[in-house]
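In case you want the letters, here they are:
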Amino acid sequence: MEMRRLHIDETLRRKLDKLIKKRAKKHKVQGVSVVVTDKHSNLYENYHGVVDEEGTHNSDDKKMMIGSTTKLLTALGILVLKDRGELKLDDDIKKHLKSFAIKSRFRDYTITIRDLMMHVSGIPSDDFDLITRKDKPLSSILESLANETMCARPRTMYAYSNLGYGLLGLIIETVSRKPYVDFMEEEIFEKLDVTFEFLHNSKMLEERKKAISQSFTASGKIVEDPLGTTISGGSSTYGKLSDLAKLLRFFLNNNEIGLIKKATFAEMMKRPEGEWTCAEDIVVGLGLMHDMRHFYGKDIGPVKGHGGNTIYHHSTFEFMSEEGFGVAVMTNSARGGVMSRNLTKDIMVHCLEQMGKRVPKKENPPAAIRSHHFDKHYVAISNKLMTSEGKMKKHSRLSFLKFIAKENDDGYIKPFPIGLARLPFIRKALHSIRFLPANINGERILYVEQRLKHFRRIISFFSEYEERTIPKSWLKACDKYQVIGNNKDLKNLFKKVRLKHKKGDLVLEMNALGSKNRYYLLPLNEKEAIIQGFGRGAKSTVALDKKSGRVQLNVYGITLEPKA
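**Focus on the packing of aromatic side chains**
For the coordinates displayed, the defined rule picks out 18 aromatic pairs. Between Phe128 and Tyr556, the aromatic rings sit 6.0 Å apart at their centres with planes inclined by 80°, giving edge-to-face as the arrangement. Here Phe128 is found in helix H4 (residues 128-131), whereas its partner Tyr556 is found in the loop between strand E29 (550-555) and strand E30 (558-562), with 428 residues between them in sequence. Across the pair, Tyr556 and Phe128 agree in class, each one buried. Taking 5.4 Å as the distance between ring centres and 55° as the angle between the ring planes, the aromatic pair formed by Tyr180 and Phe198 counts as tilted. Taken together, the residues Tyr180 in helix H7 (residues 180-192) and Phe198 in strand E4 (residues 197-198) connect sequence positions 18 residues apart. For Phe198, a relative accessible area of 3% gives the class buried. Each residue in the set Phe374, Tyr378, Phe403, Phe435, Phe461 and Phe462 is aromatic and connected to the rest through ring pairs, giving one cluster. We note Lys71 situated over the ring of Tyr165; from NZ or CZ to the ring centre the distance is 5.9 Å. Of note, Arg293 hangs over the ring of Phe455, and the distance from its end group to the ring centre comes to 4.9 Å.

Dropping the structure here:
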């Protein structure tokens, strides 16, 4: 069918209204805002649900947190300074941050501004004690990082880092000689004609209470989102749906307002290349995420954008330049993350079909042609993949799920469930994934391909598991732990922590941010271990120490001690 310009008629409008209402009810989301825009204007808007305890109806007058979509704005700030000749993307960050220091096991390396923008700097992903402190300035990131250790040599591992974008905010302050907030408002927000604002402490939140949406738990209870310090990474940015729509049109119109130079914009829109990524992996270039979705339709263009997740507010921001439209979704409830991502996909599918595009459903991958045995164990956060000798033949196991691995003719490895894994809901999950072995800078990893209803995505996730003798100090430290200090938000977010030794593995288990995580540790010595895996959160250092006669663990900026 011939593609036509997107037009949302009354039939499609009713279909989208019904879809939003259904998804909000399913995920117990109190308020959701949705916009579809082309390069000219909004084609569809929906403001569903409520934004406060009084039941005030959601509207574009109410602002929600956009989370990490702020990173796009921070990147634009860096690019404006680059175009003025006040910095270069390949500058060593120490040129602009004289007091920057971090522990490292690597020699002779340089971290550049470009590395920070692309999340390949080796800087740790998060310091949760810092991120949940509204009373600390942006500059406190430097103090925090001085006590942290590099996760990887720069440009060897893509690992999304909030702390890295915190440093970009500090570079903006240093180079512009203005507070980050003032620079962004004067040089970015005014030119984009948007009303984003940074509410990074309790006083500001109270003063703007009538203008913003409150934060809701899954049960509908109103709470205060604890994130605060790393404002340039997206912890405290509020905006209207119309602000995201204008930002979408900025990209759809190819920087028509001239915020940055044409060549700079072209570089921002270009998908990055490097040894640290596979050609189909989701990666971040100069602030933009590329290949967020691979639709199965061969004539459907790439999806660019970003996303934003705090504890209770979740947003998506995605556009298709070749098709000429974009979609943004904002939610104000704990379970809004899954909803906003799935809703954005479904709206895109409906819009593409309205334009005459055929959007096929899940394609069957190439036929399995031979058996495959993983010759090494692989590990990721919360998962371990290994090959075992069964009664009849070798099989693989992902956590407790057993499967026979077969290699497709395109090099991907497909799991075929056996045993309990054949239960319908487990079998369905296993059938939706495949693995792709790769070697990145000498490290053996596995990409995970998720084959969803209308699109696929590929994420670097697993690395080769390394086994090592566990020192006595770590064996003695195995116990149940609790967060210490006066940070109540941190104590609420990290619970049921346990360090244990099981079947040769040293494992740190933790209920973190509402989900159960299992970290497989590689001890380096009596006092240090690193989290095994690849990507965000992996290769961070876990430190074991003794203070006042008591054992302490430090991980992701959190200090833990055994329960009494």
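**Some thoughts on the sheet that holds E4**
Sheet architecture is open: three strands sit in the order E3-E7-E4, paired in antiparallel fashion. Where the open sheet ends on each side, the last strands, each with one partner, are strand E3 (64-65) and E4. As paired elements, E3 and strand E7 (residues 237-239) share two bridges and run antiparallel to each other. The partner of Met65 across the bridge, within E7, is Tyr238.

What counts, and where the lines are drawn
Residues numbered from 1 in each chain as written. Predicted model: local features only at pLDDT ≥ 70, side-chain atom pairs only at ≥ 80, totals over all residues. Heavy atoms only, no water. Phe/Tyr/Trp six-rings, centres within 6.5 Å; stacked < 30°, edge-to-face > 60°. Helix = DSSP H or I, 4+ residues; strand = E, 2+ residues; numbered from the N terminus. Buried < 20%, exposed > 50% of the residue type's maximum accessible area, 1.4 Å probe, protein only. Lys NZ or Arg CZ within 6 Å of the ring centre and 35° of its normal. Pairing = 2+ DSSP bridges.

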